[in-house]
Amino acid sequence: MNSRRDFLKTTTLAGGGLVLGLNFLQSCVSEVVSMPAHVIPLVGLQNGFEAEGAFPITDFLQIRPDGSVFLSLTKYEMGQGVSTGLTSILAEELEADWEKINVRYIKSSVSKSDATGGSTSTLQHWDLLRKAGAYAKQLLIEAAAREWSVFKDECYAEKNYVYQHGSDVRLEYGQLAGKVVVPVNYRELFETVPLKYRSKFKLIGRSLKSKIVPDIVVGRHPYAIDLRLPDMKYAAVLRCPVFKGRLLSFDASEALKISGVEKVVKIDGVTLDPVSHIRDGVAVIANSTWAAFQGKLAVRAEWDLGDNAKVEHEEFVADCLQRLDSDEGREILRIGRKVKESEMDEVISYTYEFPYQHHACMEPLNATSHFKGESCEMWVGTQSADKIAANIEKHLGIRKENIKINCYPSGGGFGLRYSSEYALESMLVSKAAGGDLVKMCYSREDDIKFDYLNPFELNRHTMGIQNGKAVSWDFKNVMANWGGNLGWMYYNIPNRSATQVTVDGFTHVGAWRSVMANAEGFSTECFIDEVAHKLNRDPLEFRLSLLPRGNMVDFNHSYQCNINRLRGALELVARKAKWGKQMPERHGQGVAVYPYMHGNGYGAVVAEVSAVNNEIKVNKITASIDCGLVINPDQVRQQMEGGIIWALSAILYGGTEYVNGVVQRSNFHDNPVLRINEIPEIDVHVCENDESQPWGVGEIGGPPCYAAVCNAIFAATGRRIRKLPISKTLSANI
Amino acid sequence: MSQPDASILKEKILNMATIRLLVNGTSYEKEMDPGIPLLWALRDILGLTGTKFGCGIAQCGACTVLIEGKAVRSCSITSESATGKDIQTIEGVEATPYRSLQQAWIEEQVPQCGYCQSGQIMNAIGLLKSNPQPTDEEILSAMAGNICRCGTYPRILKAIKSILDNPSKSNNI
């Protein structure tokens, strides 16, 4: 959580104007830093890093003399929409003119609350941003009251102006900003500032247009990969093909013959923790990305590939299965008691496999670093600068206050940029190159082969039946190199347990949009469907019968699972998709629902699938989401569309292959993802609800999608899918 | 093989030439390796970074530009082969009637992370130049070479169609 200590700072801009600093990002640097003038052409940009009178992150909100309002983003933009959603929350309470709102990207951040993931940005900063907006509005009103020598109660604010009640007299925020006086009791004022009633919202709840799209469509939205600095070199790294292998020797003579190649240097790998490791490698420093890529291809290296080269996938899966059968495991959840098999008339048990998955963000991993011995600077698209700084401090011995990280919006994050390894790697390259300022860019092949993959999971669900009713539900999960099991077991079966086992896989793993909810949503919702069919119950009706209204279920998580909201999403999607409607032969509907507890959001999907002429086709996806109070309905729909298409790619084409520890996929020809001519019709519905705050959105759409599609395939063909991707499961004869 | 720390003497094959690139109506003359893909000449040499690197093998479309009005993957042609030809990149679109397509992208709120969208827009312009009234099928087929990981496809289709459905907008093109 944010520390509220020393969270407020108000200063006046050199050129006039108000700067409201929310110094909740506790350990921020506070000196004025200026970017080199020609980093990225900023002329004509709607948003940017800074303008005249540049200030670092602690200057959270600026109102400039022309009335324009600049909000520094407190979370990282990677396409999920925080620059619009978070901004609109602040603008609402500030009574700002939406047209005058601009976004400032986090310039230099070493903080305690920046990590962006788990669909938590909006819910974490909702309260803070409202108070910030309301507090700034109060200060502006007080400034106007002083100007007019009236009581502040006689004034009100609307659309960037302060007015006097019953009069046409008004002052624009830009005129007032320089006249703000910060009261001595500002902290108390901040904490107790009155907030608007929901019924008075003018911006929240509207489909306001994105603040970043105007920059994107002209090609000027700033990504780290576009960075250009004076004296900047370009680097590409030849990495050990196997995780944790070692470099024995290399020969750079051919690489150095390539025009543009300047240096070839050795990178010593670093182990960060048991699951993440920067590989040994050879970095080629050149005068363009292209020359660096060419140089990398010309480097000859000898490796000691190590133990991970001996991992064979079939053996690995067999080992995972054995562990599922064994008694080992850590209990994550226990509700009720352990039921003896003798008490059951029937036991239904199935095992589901969710593979390793690639991210393939459109912007390949990259970072620009400048190692200066006692200090360093970096330019990077990230989901967590804190992790980068912590790793630089730990492994390069540079004190945190001497680390400057310039954070850019990302061309896709999806959990990949939650890992900090690529960023630290670029600093190692700069160091190895003798302190050159170096932009290190992954080729697409690097980005796929050295991806921090979604961990492989085997899930086994077992249900005990007594007199036609489910009495026990046990879930066991074996997962590669990742310690978490969600154990989100929301169906109201009296006795429930979740157990987890971590095994060593062949490679590096990382967060992947919706994280474990993908595998566990897939397995849980396929399984409940199988049980419904075994018991001759309608899949929707069976689910609803196990979701009693009013239930709140505790999974030992920050939030309790709200069954009313889960049920609401399921009922809405069933109604909108016309669940149970007549389908043509070889066509089927499938349903699934899943909570996403990290963000306390709930999603449900009905898929319509056909299996005609040996081709499985997803024709339509109807989806629903309960994300609490809705900030921006259109952005919620965008995120649901994106999450669904993300999941469909994984259902159809996901997974990976490795031989002797080496990932075999390399680019979009052999790591296919959904293309525009493959998408189904997608129809998204947002649940009405009376939640008093917003909840998570970005990772709600995917998890229910897997099972809905697989259950629809069953309805169309009679074939159960217990392993993804379906391209590997279904033969031509379906 | 030599040891990693051995100092390595450079023995460079110099392969440079003056290449003239005509981009968005501006002529640039720069020394470069004539074999450098147009993508990297645009980005690293001319500083026109609106054109994006996605895959390097003409599989994703992020680097799409127009050459003589046709959509081309700039990662897969050399700058030498583009010499003297009319190259149009995302940076130049605002100055053309196709700005209405950029406006449609805003209206339909197409982009999420935005990284692939320069290529999507350039590819859509290429389509409309060769086929001003494409059917849905033709749009899907023409746009199938452009990957988006955020899943903005439904909105890309809508944005292109909105231009076709609106005579005042399409007449401007």
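All of these numbers come straight from a predicted model, not from anything done at the bench.

**Some remarks on the overall build of chain A**
Part 1 of the argument: The secondary structure content of chain A amounts to 16 helices and 32 strands.
Part 2 of the argument: The burial tally for chain A puts 66% of its 734 residues in the buried class.
Part 3 of the argument: Across chain A, every contact between residues at least 6 apart in sequence was considered, and the portion connecting residues at least 24 apart equals 76%.
Part 4 of the argument: For chain A, the accessible surface area stands at approximately 25300 Å², while carbon and sulfur atoms represent 47% of it.

**Let's talk about the overall build of chain B**
Part 1 of the argument: Helix and strand counts for chain B stand at six helices and five strands.
Part 2 of the argument: Each helix (α) and strand (β) of chain B, taken in turn from the N terminus, gives the series β-β-α-β-β-β-α-α-α-α-α.
Part 3 of the argument: Counting only residues that meet the buried cut, chain B has 55% of its 173 residues in that class.
Part 4 of the argument: Taking contacts inside chain B between residues at least 6 apart in sequence as the whole, the part at least 24 apart equals 54%.
Part 5 of the argument: Carbon together with sulfur atoms contributes 49% to the accessible area of chain B, which is approximately 6800 Å² in total.

**Here we look at the interface of chain A and chain B**
Part 1 of the argument: Taken together, the contacts link 73 residues of chain A with 64 residues of chain B.
Part 2 of the argument: Of all residues in chain A, Val217(A), Met362(A) and Ile676(A) bury the most surface against chain B, accounting for 14% of the area lost on that side.
Part 3 of the argument: Our count for the chain A to chain B interface comes out at five salt bridges.
Part 4 of the argument: Going through the elements one at a time, α5 (213–216), β10 (246–251), β11 (261–267), α6 (289–298), β15 (300–304), α10 (444–449) and α14 (633–653) of chain A are the ones with two or more residues in the side of chain A that touches chain B.
Part 5 of the argument: The dominant element in the side of chain A that touches chain B, judged by the number of residues it contributes, is α14(A), at nine residues.
Part 6 of the argument: Classifying every residue of the side of chain A that touches chain B by side-chain character gives 34 nonpolar, 22 polar and 17 charged.

**Thoughts on the pattern of salt bridges**
Residue and element names in this part refer to chain A.
Part 1 of the argument: A complete count under the given rule lists 48 salt bridges over all chains for this structure.
Part 2 of the argument: A salt bridge links Asp325 to Arg460; its shortest N-O distance comes to 2.7 Å. With Asp325 in helix α7 (residues 313–325) and Arg460 in strand β22 (residues 457–466), the pair connects residues that are 135 residues apart, well separated along the chain.
Part 3 of the argument: Taking the shortest distance from any N to any O, the salt bridge between Glu525 and Arg543 comes out at 2.7 Å. A residue pair is termed long-range when its members are at least 10 positions apart, and Glu525 in helix α11 (residues 517–534) and Arg543 in helix α12 (residues 539–545) qualify at 18 residues.
Part 4 of the argument: The buried category is assigned to Arg543, whose relative accessible area is 0%.
Part 5 of the argument: Beyond isolated ion pairs, a larger network of salt bridges with shared partners links Glu525, Asp529, Glu530, Arg543, Arg720 and Arg722.

**Examining the pairing of strand β20 (residues 403–408) of chain A**
All names here are of chain A.
Part 1 of the argument: The buried count for β20 comes to five of six residues, which makes it a mostly enclosed element.
Part 2 of the argument: Relative to β20, strand β19 (residues 376–381) runs parallel, the two being bridged by six bridges. Looking at β20, one finds that Cys376 is bridged to Ile403.
Part 3 of the argument: On the question of chirality, the crossover connecting β19 to the parallel β20 by way of helix α8 (residues 385–396) is right-handed.

**Some words on the packing of aromatic side chains**
Residue and element names in this part refer to chain A.
Part 1 of the argument: Tallying each qualifying case throughout the model produces 26 aromatic pairs over all chains.
Part 2 of the argument: The interplanar angle of 85° and the centroid separation of 6.5 Å between the aromatic rings of Trp126 and Phe201 together place this pair among those described as edge-to-face. Within this pair, whereas Trp126 is found in helix α2 (residues 121–148), its partner Phe201 is found in the loop between α4 (186–192) and α5, the two being separated by 75 residues in sequence. Both residues of the pair, Trp126 and Phe201, belong to the buried class.
Part 3 of the argument: Summarising the aromatic geometry, the rings of Tyr352 and Phe522 are spaced 6.0 Å apart at their centres and angled 85° between planes, so their arrangement reads as edge-to-face. You can see Tyr352 sitting in strand β17 (residues 346–354) and its partner Phe522 sitting in helix α11, a full 170 residues away along the chain.
Part 4 of the argument: Look at Tyr352 and you get buried, because its relative accessible area is 1%.
Part 5 of the argument: One aromatic cluster is present, formed by Tyr352, Phe354, Phe414, Trp512, Phe522, Trp646 and Tyr706 through successive ring pairs.
Part 6 of the argument: Note that Lys211 overlies the ring of Trp98, its terminal NZ or CZ placed 4.4 Å from the centroid.
Part 7 of the argument: Directly above the aromatic system of Phe714 lies the positively charged group of Arg720, at a separation of 3.7 Å from the ring centroid.

**Focus: α8(A)**
Residues and elements named next belong to chain A.
Part 1 of the argument: Given a rise of 1.5 Å per residue, twelve residues ought to cover 16 Å, and the 16 Å separating the end C-alpha atoms of α8 matches this to within 8%.
Part 2 of the argument: Those residues of α8 not exposed but buried are Ala385, Asp386, Ile388, Ala389, Asn391, Ile392 and Leu396.
Part 3 of the argument: On its buried face, α8 sits against β12 (270–273), β18 (366–371), β19, β20 and α9 (421–432).
Part 4 of the argument: Just past α8, the residue Gly397 takes up positive phi, approximately 70°.

**Brief notes about the sheet that holds β18(A)**
All names here are of chain A.
Part 1 of the argument: The strand order across the open sheet formed by seven strands is β11-β14-β9-β21-β18-β19-β20, and the pairing between neighbours is mixed. Both outer strands of the open sheet, β11 and β20, are each paired with one neighbouring strand and no more. With direction set aside, neighbouring strand axes in the sheet form an average angle of 25°.
Part 2 of the argument: Contacting β9 (233–239), β11, β14 (281–286) and β21 (437–441), α6 runs over the sheet at an angle of about 25° to β9.

**Topic: the sheet that holds strand β16 (residues 330–335) of chain A**
All names here are of chain A.
Part 1 of the argument: Strand order in the open sheet formed by five strands is β16-β24-β23-β22-β17, and the pairing between neighbours is mixed. With partners counted over all chains shown, the strands left at the sheet margins are β16 and β17, one partner each. Neighbour to neighbour, the strand axes of the sheet diverge by 15° on average, direction disregarded.
Part 2 of the argument: Taken together, the nine bridges between strand β23 (residues 469–480) and strand β24 (residues 495–503) define a ladder with parallel strand orientation. Bridge pairing in β24 places Met479 opposite Thr502.

**Let's talk about the nonpolar core**
Part 1 of the argument: Counting 269 residues, the largest nonpolar core has Val264(A), Ile392(A), Ile621(A), Val709(A), Leu21(B) and Trp105(B) as its most contacted members.
Part 2 of the argument: The contacts of Trp105(B), once residues within four sequence positions are left out, are Val213(A), Val217(A), Val110(B), Pro111(B), Gln117(B), Gln120(B), Ile121(B), Ala124(B), Ile156(B), Ala159(B) and Ile160(B).
Part 3 of the argument: Among the nonpolar cores identified, the runner-up in size contains 17 residues, and Val311(A), Phe316(A), Cys320(A) and Phe456(A) belong to it.

**Description of the packing of α8(A) against α9(A)**
Residue and element names in this part refer to chain A.
Part 1 of the argument: Between α8 and α9, the least distance of the axes is 9 Å, while the angle of their chain directions is 40°. Looking at the two axes, α8 sits oblique to α9. Of the two possible hands of crossing, α8 and α9 adopt the one that is right-handed. Counting all contacts with α8, which are made through Ile388, Asn391, Ile392, His395 and Leu396, the residues of α9 involved are Ala423, Leu424, Met427, Leu428 and Lys431.
Part 2 of the argument: In the contact of α8 with α9, the residues fall into seven nonpolar, two polar and one charged.

**Describing the packing of α11(A) against helix α15 (residues 702–717) of chain A**
Residues and elements named next belong to chain A.
Part 1 of the argument: Between α11 and α15, whose axes approach to 7 Å, the crossing angle comes to 35°. Like other packed secondary-structure pairs, α11 and α15 cross with a definite hand, here right-handed. Each of Ala517, Asn518, Gly521, Phe522, Glu525, Cys526, Asp529 and His533 in α11 lies in contact with α15, whose residues at this interface are Pro703, Tyr706, Ala707, Cys710, Asn711 and Phe714.
Part 2 of the argument: Partitioning the contact of α11 with α15 into residue classes produces eight nonpolar, four polar and two charged.

**Some details on the environment of Ile392(A)**
All names here are of chain A.
Part 1 of the argument: Note on placement: Ile392 falls in helix α8.
Part 2 of the argument: Along the primary structure Ile392 and Cys376 are separated by 16 residues, whereas in three dimensions their C-alpha atoms are 9.1 Å apart.
Part 3 of the argument: Aside from chain neighbours lying at most four places away, what touches Ile392 is Cys376, Met378, Gly397, Ile398, Ile403, Leu424 and Met427.

**Focus: α6(A)**
Part 1 of the argument: Counting buried positions along α6(A) gives seven out of ten residues, so the element sits mostly inside the fold.
Part 2 of the argument: All buried positions along α6(A) are accounted for by Thr289(A), Ala291(A), Ala292(A), Phe293(A), Gly295(A), Lys296(A) and Ala298(A).

**Considerations on the confidence of the model for chain A**
Detail in the predicted coordinates should be disregarded across regions flagged by low pLDDT.
Part 1 of the argument: Of all residues in chain A, 90% attain a pLDDT of 70 or more, and the chain-wide mean is 89.
Part 2 of the argument: In the predicted structure, residues 1–16 of chain A sits below a pLDDT of 50 and forms 52 contacts with residues beyond four places in sequence or in another chain.

**A closer look at the side chain of Arg720(A)**
Residue and element names in this part refer to chain A.
Part 1 of the argument: Turning to its location among the elements, Arg720 is positioned in the loop between α15 and α16 (726–729).
Part 2 of the argument: On the basis of relative accessibility, which here comes to 16%, the residue Arg720 falls in the buried class.
Part 3 of the argument: A distance of 3.1 Å separates polar atoms of two side chains, one belonging to Arg720 and the other to His533.
Part 4 of the argument: Among the polar contacts listed, one links the side chain of Arg720 to the side chain of Asn711, at a separation of 3.1 Å.
Part 5 of the argument: Among all residues touching Arg720, those that are not within four sequence positions of it are Cys526, Asp529, Glu530, His533, Asn711 and Phe714.

Reading the values: rules and limits
Residues numbered from 1 in each chain as written. Chains lettered and ligands numbered in written order. Predicted model: local features only at pLDDT ≥ 70, side-chain atom pairs only at ≥ 80, totals over all residues. Heavy atoms only, no water. Helix = DSSP H or I, 4+ residues; strand = E, 2+ residues; numbered from the N terminus. Buried < 20%, exposed > 50% of the residue type's maximum accessible area, 1.4 Å probe, protein only. Contact = heavy atoms within 4.5 Å. Areas by Shrake-Rupley, 256 points an atom, 1.4 Å probe, with all protein chains shown as cover. Buried area = accessible area lost by both parts, 1.4 Å probe. Salt bridge = Lys/Arg side-chain N within 4 Å of Asp/Glu carboxyl O. Nonpolar A, V, L, I, M, F, W, Y, C, P; charged D, E, K, R; others polar. Pairing = 2+ DSSP bridges. Right-handed = clockwise from strand over helix to strand, strands pointing away. Phe/Tyr/Trp six-rings, centres within 6.5 Å; stacked < 30°, edge-to-face > 60°. Lys NZ or Arg CZ within 6 Å of the ring centre and 35° of its normal. Expected span 1.5 Å × (residues − 1). Axes fitted to C-alpha atoms, helices over the stretch in contact; angles between N-to-C directions. Core = buried A, V, L, I, M, F, W, Y, C linked by side-chain atoms within 4.5 Å. Parallel < 35°, antiparallel > 145°, perpendicular 65-115°, else oblique. Left-handed = near helix turned anticlockwise from the far one by under 90°. pLDDT = per-residue confidence, 0-100. Polar contact = N/O pair within 3.5 Å; in protein donor to acceptor, adjacent residues only side chain to side chain.

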